[in-house]
Structure formats: C-alpha cells, structure tokens
Amino acid sequence: MKRYYVFLISILLLALLVIWIGPQKMWDVIKTANLWLILLAVFIHLFVVWIRSLRWGYIINQPWEFKKNFIVKTIGLFAGNFSPMRSAGEVLNAVAGKKINGITLSEGLSAGLTERFFDGTIAAILLLVCAFLLPKVRLIAIMGGLASLGLLTVIYLINWREDTSLWIYNRVHFIFRFLPIPEEVVENFYLKFTQGLRSMIEYTKTFSSLKNLLVVFVLTAASWLLECVRLYVVFVAFNVELSFVAIIIIFLLANIIGIVSALPGGIGSIELSLTGLFVLFGVSSTIGASIAMVDRLASFWVVTALGIIFSSYYAQDILQEIKGYTLGLKSTKKED
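Rules of the game
- Residues numbered from 1 in each chain as written.
- Predicted model: local features only at pLDDT ≥ 70, side-chain atom pairs only at ≥ 80, totals over all residues.
- Heavy atoms only, no water.
- Helix = DSSP H or I, 4+ residues; strand = E, 2+ residues; numbered from the N terminus.
- Expected span 1.5 Å × (residues − 1).
- Buried < 20%, exposed > 50% of the residue type's maximum accessible area, 1.4 Å probe, protein only.
- Contact = heavy atoms within 4.5 Å.
- Core = buried A, V, L, I, M, F, W, Y, C linked by side-chain atoms within 4.5 Å.
- Patch = residues over 30% accessible without salt bridge, like charges linked within 9 Å, V, L, I, M, F, W, Y side chains within 5 Å.
- Areas by Shrake-Rupley, 256 points an atom, 1.4 Å probe, with all protein chains shown as cover.
- Salt bridge = Lys/Arg side-chain N within 4 Å of Asp/Glu carboxyl O.
- Axes fitted to C-alpha atoms, helices over the stretch in contact; angles between N-to-C directions.
- Left-handed = near helix turned anticlockwise from the far one by under 90°.
- Nonpolar A, V, L, I, M, F, W, Y, C, P; charged D, E, K, R; others polar.
- Parallel < 35°, antiparallel > 145°, perpendicular 65-115°, else oblique.

**Q** Would you mind showing me how to read helix 6 (residues 105–133) here?
**A** An α-helical turn contains 3.6 residues, so a residue and the one three or four places further along point in the same direction. With 29 residues, helix 6 should reach 42 Å at 1.5 Å per residue; the first-to-last C-alpha distance of 42 Å fits that figure. Buried residues dominate helix 6, accounting for 21 of its 29 residues.

Okay, structure coming up:
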C-alpha cells in the first residue's frame, strides 16, 4: 500500500506544478514548439537506449544481439522508472537477461551494477567539471558530484570487493532472523545470496580488463552526453537559447534530485527541479515547466510505453523466473 502513496505524491507534485504555472499558459507555450524537433528528441532518446543496450550486451559478451539487448534494457529502464531510486532496474534487467539473453542472475546483476558504477562516474566528472565553469551553481554541483562519488564507493565495494560485500551483507542478514520467516528459508536465502554474490563479483573481476572498462566508459559518456543533446534540442524546439554547459549541469542535478527524492522514476521531483533550475538560468517559469514536461514525455514516458509493451509480452516468463527463485528458497539444494 505504501508504494501507492509514494506514487500519489509524484502525481500530486506534477499537478501542483501545472496548477502553479497554469495549464492554459503551458498549453499555449507547448503549441508553439516545433513538432519535428520534438520528434527528433524522441529519436535521440531511443538512440540513447540503444547505446545503453549495446553497453549491456558488451558487458555480458553478447554485443551483437541488438534486438534482445534492446528489449532487456528497455524492461530494466521501465522497472527503474517506477521504483524508488530506480532500484528495481538492475534486478529486472538481470531477471529479463536470464530469460532473454540466457545469462545467469549473477552475470546480470554484475552487468547492472557495472553500468550503475559508470553512470555515476560520468555524472561525477561532468558535475565537478561544470562546477568550475558555472559559478552560479558551483556549490550545488560540487555537492552533487560528491554524492555521486559516495555512490560509486558503495557500488565498488559491493561489485568488486568480495570481502567487503560479504561483510556488508552479514551486517544486514541478522535482521531476517527477527522476521516471521521460517529458519530454513532464512538459511537457504543466506546460502543462495552469498553464493550469488561471490559469482557476481567473480564475473565482474573477469570482465574488468582495461580495454573492457574503457569501452564501457566511452559508451556511458556517449549516452549521457546524448541525453543532454536531447534536452538541448527540446530547448531549440521552444526557440529558447541556453548554453550546452548549463544544460549538462541542469540535467545532471535534476536526475540526482530525482534519485535522492526516492520517488518512482523521480516523477514530480525531476519536473520541479528542472523548472526551478531553468528559472535560475533566466528561463521564464512557464516556458521552463513546458520544456520540462515535453522533455520528460520524449524520454521517460516513451521508454515507459515501450517497457509496458515488452514487459507484457515477457511477463509470464519473467514472473516464472522470480517464482522459481522464490520457491527455491524452500529447498536446501544450492543453486547458482
């Protein structure tokens, strides 16, 4: 029930933004936008998803399975869009990858965390660089960059350091003993989870050559910069001029705010933060809110629509995988 309350908060924030600006004012501004440029922004974002799917395929050693990788990545992005801090994205990516790509859950989780690590790396680098180029938001950008570095540290300790990741899990595992769960299930979960954790880290270390990490870094940088290009195109569609450096830092800060807010997909918080940051850079609130709404439509909601289609098609298979893993907790037999 709690997740519905959180989703209602997101919808409420969107409604407050529209009411604050005025729906008629926003619609009057949106009608003036260049439709072809908006469609170009949609195409750019789909290309971004394709690059991210190529990155996923490269990490799991299936770079040429374009169709499968695109479907898996879209399902993962869709799941992340409707979970706090996008936390379900990596899990559903791994489950979908197991069914569609034929990989193990450990490989899928390793790939997902590796992707998240490099996303954080690029975000931290861009924020810290832009902080010195734009004094107006220097403090906020530095704080955002430091937050990204903190997240990187946690992911590194979990995805690359077996001793540390097991230590972290052991500190958390004792909580399960206080829950109304049979002791056998708790112990089986511990065995399966720690075994999966070791397999995940082993795959990560096997993949982590300098060449592979460099390729992932380049693909990640390209996807982030193209997302900023998409937002820039939306600005042009509304005939508004803003420096590309400003757009980079606005985009990154809004996404960090969306993650920290823990609202599903940052719905509401990202639109509000984008509007506020646009105003900070001299864009009127009416135009800023309109740009924020249209950009989210061209990115978040387009991928959500595709995710619903793909997830509906593979729903039974994915649920079967989850069910199989859950039922496996009742068995003392170890599985990978």
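**Q** Whenever I open this one, the environment of H45 confuses me. Can you help?
**A** On the secondary structure map, H45 appears in helix 3 (residues 35–59). C-alpha separation for the pair H45 and R230, spaced 185 residues apart in sequence, amounts to 6.7 Å. Contact partners of H45, with chain neighbours within four places excluded, come to E227, R230, A298, S299 and V303.

**Q** I keep staring at the nonpolar core and nothing clicks. Help me out?
**A** A general feature of soluble globular proteins is that nonpolar side chains tend to end up buried together. If you look at the biggest cluster of nonpolar residues, it comprises 46 residues, and the most contacted ones within it are F235, F238, I249 and F278. Of all the secondary structure elements, the ones that give two or more residues to this core are helix 3, helix 6, helix 10 (210–237), helix 11 (244–260), helix 12 (269–280) and helix 13 (285–328). With 10 residues, helix 11 is the single largest residue contributor to this core. What I249 contacts, discounting residues up to four positions off in sequence, is L127, C130, A131, L134, V137, A141 and F281.

**Q** What am I meant to see in a nonpolar patch on the surface here?
**A** Nonpolar side chains collect at one region of the surface, where W167, I168, V172 and I175 lie side by side and expose about 360 Å² of accessible area between them. Judged by its relative accessible area of 39%, V172 falls in the partly exposed class.

**Q** How should the pattern of salt bridges be read in this particular structure?
**A** A side chain with one charge can pair with a side chain of the opposite charge if their charged atoms come near. Enumeration according to the criterion identifies 12 salt bridges in this entry. With a closest N to O distance of 2.6 Å, E115 and K73 form a salt bridge. Here E115 is found in helix 6, whereas its partner K73 is found in helix 4 (residues 66–81), with 42 residues between them in sequence. On the accessibility criterion, E115 (3% relative accessible area) is buried. What makes K73 buried here is its relative accessible area of 6%. Here R116 ties to E90 by a salt bridge, and the two come within 3.0 Å at their closest N and O atoms. You can see R116 sitting in helix 6 and its partner E90 sitting in helix 5 (residues 88–100), a full 26 residues away along the chain. For the pair shown, R116 and E90 are each scored as buried.

**Q** Quick question: what am I supposed to make of the packing of helix 11 against helix 12 here?
**A** To describe two helices that pack against each other, one gives the angle between their axes and the distance between the axes. As a packed pair, helix 11 and helix 12 sit with axes 8 Å apart at the nearest point and diverge in direction by 145°. Viewed along their axes, helix 11 and helix 12 form a crossing whose handedness is right-handed. On the side of helix 11, the interface is formed by I250, L253, A254, N255, I257 and G258, while helix 12 contributes S269, I270, S273, L274, L277 and F278. Class assignment of the residues belonging to the contact of helix 11 with helix 12 gives a composition of 8 nonpolar, 4 polar and no charged.

**Q** For this particular structure, what's the right way to read the packing of helix 6 against helix 7 (residues 138–159)?
**A** Direction vectors running N to C along helix 6 and helix 7 enclose 155°, while the axes themselves pass 8 Å from each other. Relative to helix 7, helix 6 is oriented roughly antiparallel. The two elements helix 6 and helix 7 meet at a crossing, and its hand is left-handed. Classifying every residue of the contact of helix 6 with helix 7 gives 15 nonpolar, 8 polar and 2 charged.

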